[in-house]
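Take a look at the letters that make up each chain.
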Amino acid sequence: YNDPNRYEEALITPDKFQYYERHHVRRLDNGKWSVRGNSVNVAAAIDFAFSKGAKSDYTAIVIVGVDADGNYYILDADRFKTDRIEVMYEHLRALYAKWEFRKIRMEMTVAQATVAKELRDQYIKRDGLSLSVDEYYPNKRDGDKQERIAAVLAPRYANLAMWHFRGGHIQNLEDELVQKFPIHDDLSDALCNAVSIAQQPIKRNERASNVVNFAGHSRFGGV
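My aim in this report is to walk through the structure given alongside it, one point at a time. None of the values given here were measured: they were computed from a predicted structure. (Residues numbered from 1 in each chain as written. Predicted model: local features only at pLDDT ≥ 70, side-chain atom pairs only at ≥ 80, totals over all residues. Heavy atoms only, no water.)

A closer look at the layout of surface pockets
For the record, the criterion: Lining residues are those with an atom within 4 Å of a point, where the points come from a 1 Å grid over the protein atoms alone and group into cavities, where a 1.4 Å probe fits but cannot get out, or pockets, open sets with protein on both sides within 12 Å along at least five of seven lines. Grid points are joined across faces, edges and corners, and a volume is the space filled by probe spheres set on the points. Helix and strand assignments follow DSSP, with helices taken as H or I runs no shorter than four residues and strands as E runs no shorter than two, numbered in order from the N terminus. When residues are grouped by polarity, Ala, Val, Leu, Ile, Met, Phe, Trp, Tyr, Cys and Pro land in nonpolar, Asp, Glu, Lys and Arg in charged, and all others, Gly among them, in polar.
Considered as a void within the structure, the largest pocket measures approximately 340 Å³ in volume. Around the largest pocket, the lining comprises 18 residues; the ones closest to its centre are K32, N41, V42, E100 and R102. In terms of residue count, the dominant contributor to the lining of the largest pocket is strand β4 (residues 38-47) (four residues). Looking at the lining of the largest pocket residue by residue, the class counts come to nine nonpolar, four polar and five charged. Quantified by volume, the second largest pocket comes out at close to 260 Å³. Taken together, K32, G37, N38, S39, N41, D67, A68, D69, P201, I202, K203 and R204 make up the full set of residues lining the second largest pocket. Broken down by class, the residue content of the lining of the second largest pocket amounts to three nonpolar, four polar and five charged.

What about the packing of helix α5 (residues 170-178) against helix α6 (residues 186-197)?
Selection rule: Fitted lines through C-alpha atoms serve as axes, helices being fitted only where they are in contact, and the angles separating the N-to-C directions of these axes extend from 0 to 180 degrees. Just so you know how the angles are binned, under 35 degrees is roughly parallel, over 145 roughly antiparallel, 65 to 115 roughly perpendicular, and the rest oblique. Two residues qualify as a contact provided that any one of their heavy atoms is within 4.5 Å of a heavy atom in the partner residue.
Where α5 meets α6, the axes come as close as 8 Å, and the angle between the chain directions of the two elements is 85 degrees. Here α5 is positioned roughly perpendicular relative to α6, judged by the angle of their axes. Touching N172, L173, E176 and L177 of α5 are D186, L187, S188 and L191, all from α6. Its residues assigned to classes, the contact of α5 with α6 shows four nonpolar, two polar and two charged.

Regarding the side chain of S34
For the record, the criterion: The classification of residues rests on relative accessible area computed with a 1.4 Å probe and restricted to protein chains. Under 20% of the type maximum is buried, over 50% is exposed, and intermediate values are partly exposed.
Residue position: S34 is located in strand β3 (residues 33-35). For S34, a relative accessible area of 6% puts it in the buried group. In this structure, S34 is in contact with H24, V25, R26, L28, S39 and V40, ignoring residues within four places of it in sequence.

What follows is the structure in structure tokens.
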């Protein structure tokens with residue numbers, strides 16, 4: 001009765017989890033990606049941690065793709081414990097080489113800003129990656145992590161617009177999402193930030209007709 005993480009009280013419940021098959025993810029000839037036949041724009045986010053203790057947080061990286069209908073697909077998720085920036089970069093670069101995302105959000109809290117800036121300036125720029133860093137400075141209006149997750153992720157799960165794959169770190173992510181007070185929140189926080197910066201592709205309208213209709217003059221005719 002005193003369980004602070006009862007599923008009935010969670011903002012996101014397991015019945016809202018939807019799954020796609022990994023073989024439905026395809027690389028298109030133009031270098032972009034598609035999921036279930038729909039072209040997606042890809043974005044990423046990283047949530048930093050700084051120690052490797054048994055109870056310390058993980059560093060987490062999440063990659064998402066969004067299609068023109070507003071469906072968000074978790075394409076990849078990675079988490080690990082390290083206090084070395086070069087190890088963070090190795091994980092980041094491996095995912096970049098795989099997905100070639102062009103934008104990644106890094107949260108610039110007081111504790112994280114130094115690591116984020118060094119990762120950007122000393123590693124990403126050094127290697128010439130075509131990667132734009134979205135610097136996110138949370139403020140009081142954004143609320144804490146759980147409030148931001150409630151604002152960004154909960155409505156999308158309620159509308160069945162979020163899609164998971166099976167395996168990897170997805171089970172850890174789902175455990176974080178359904179708990180009100182999870183032990184770790186790094187994957188869910190990275191997912192929240194990736195979804196926040198992912199931009200939907202513009203829907204292509206049906207091909208316009210090249211026929212122009214003119215109204216005739218009501219009295220004299222002609223156009």
